[in-house]
Amino acid sequence: MLIVVLAAAVAVGAWYVIGSRATSSGPPTAADLAKTRYDLPQMTTNLAGGSVIQLSISLQASSDQAKGELELRKVEIQDAVNDILHSWKREDLDQPQGQEKLKGDIMKRVNELLHNGRVTQVYFPSIIVQ
């Protein structure tokens, strides 16, 4: 009896694994990602220490609903990004992982604002520090 139950459990598990692989669509396509990407307007602000930064930020949302919330919270997000940037120095961004850390700080802060979904990636299409 135990062998029959065990065999049935293995068969169901194998069917689930094989079936989920067959129906999996793989990673999202570029077109799918573009549908949930939200671009903030270009920003120019001061860094700590007197340098100026000008950058474009693109936020990858986890869903259409999250993208909609990003649009509604645009002003709050811009304010949060300004707060973050004002605490950074040019030297911080010159470090090997500086921009990646800044992206992480922005993602964390924006996700704290969201109620419907989250930001999964932050991109800097352009960034100039003077």
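Before reading on, note that the structure itself is shown above.
This write-up is about the structure you can find in this document.

**Some remarks on the environment of T120**
The topology assignment puts T120 in strand β4 (residues 119–129). Residue classification places T120 among the partly exposed positions, given a relative accessible area of 36%. It is 7.7 Å that separates the C-alpha atoms of T120 and L59, two residues lying 61 residues apart in sequence.

**A short note on helix α4 (residues 74–86)**
The terminal C-alpha atoms of α4, which comprises 13 residues, lie 18 Å apart, in line with the 18 Å expected from a rise of 1.5 Å per residue. Within α4, burial applies to I77, Q78, A80, V81, I84 and L85. The buried side chains of α4 occupy one side of the element, clustering within an arc of 160 degrees when seen end-on. Summarising the contacts, the buried residues of α4 are in contact with β2 (43–46), β3 (52–61), α3 (64–72) and α6 (98–113).

**Points about the nonpolar core**
Grouped together as the largest cluster of nonpolar side chains are 25 residues, with contacts concentrated most on I57, L59, L70 and I106. Going through the elements one at a time, β3, α3, α4, α6 and β4 are the ones with two or more residues in this core. Ranked by residue count, the leading element in this core is β3, at five residues.

**Some words on the pairing of β2**
Residues M43 and T45 point to one face of β2 and are all buried, whereas T44 and N46, pointing to the other face, are not buried. Sheet topology note: the β2/β3 ladder contains four bridges and is antiparallel. Residue pairing across strands places T44 opposite Q54, the latter belonging to β3. A loop of five residues connects β2 with β3, the two strands running antiparallel in sequence, and G49 in this loop sits at a positive phi of about 95 degrees.

**Some remarks on α6**
Helix length check: α6 (16 residues) gives 23 Å between terminal C-alpha atoms against 22 Å at 1.5 Å per residue, within 8%. Those residues of α6 that sit buried are G98, L102, K103, I106, M107 and V110. Summarising the contacts, the buried residues of α6 are in contact with β3, α3, α4, α5 (90–94) and β4.

**Considering the side chain of T36**
With respect to the element layout, T36 can be found in the loop between α2 (30–35) and β1 (37–39). Here Q60 takes part through its side chain, which lies 2.7 Å from a polar atom of the side chain of T36. Look past the residues within four positions of T36 in its chain and what remains in contact with it is L59, Q60, A61, S63, D64 and K67.

Rules and cut-offs
- Residues numbered from 1 in each chain as written.
- Predicted model: local features only at pLDDT ≥ 70, side-chain atom pairs only at ≥ 80, totals over all residues.
- Heavy atoms only, no water.
- Helix = DSSP H or I, 4+ residues; strand = E, 2+ residues; numbered from the N terminus.
- Buried < 20%, exposed > 50% of the residue type's maximum accessible area, 1.4 Å probe, protein only.
- Expected span 1.5 Å × (residues − 1).
- Arc of directions from axis to C-beta.
- Contact = heavy atoms within 4.5 Å.
- Core = buried A, V, L, I, M, F, W, Y, C linked by side-chain atoms within 4.5 Å.
- Pairing = 2+ DSSP bridges.
- Polar contact = N/O pair within 3.5 Å; in protein donor to acceptor, adjacent residues only side chain to side chain.

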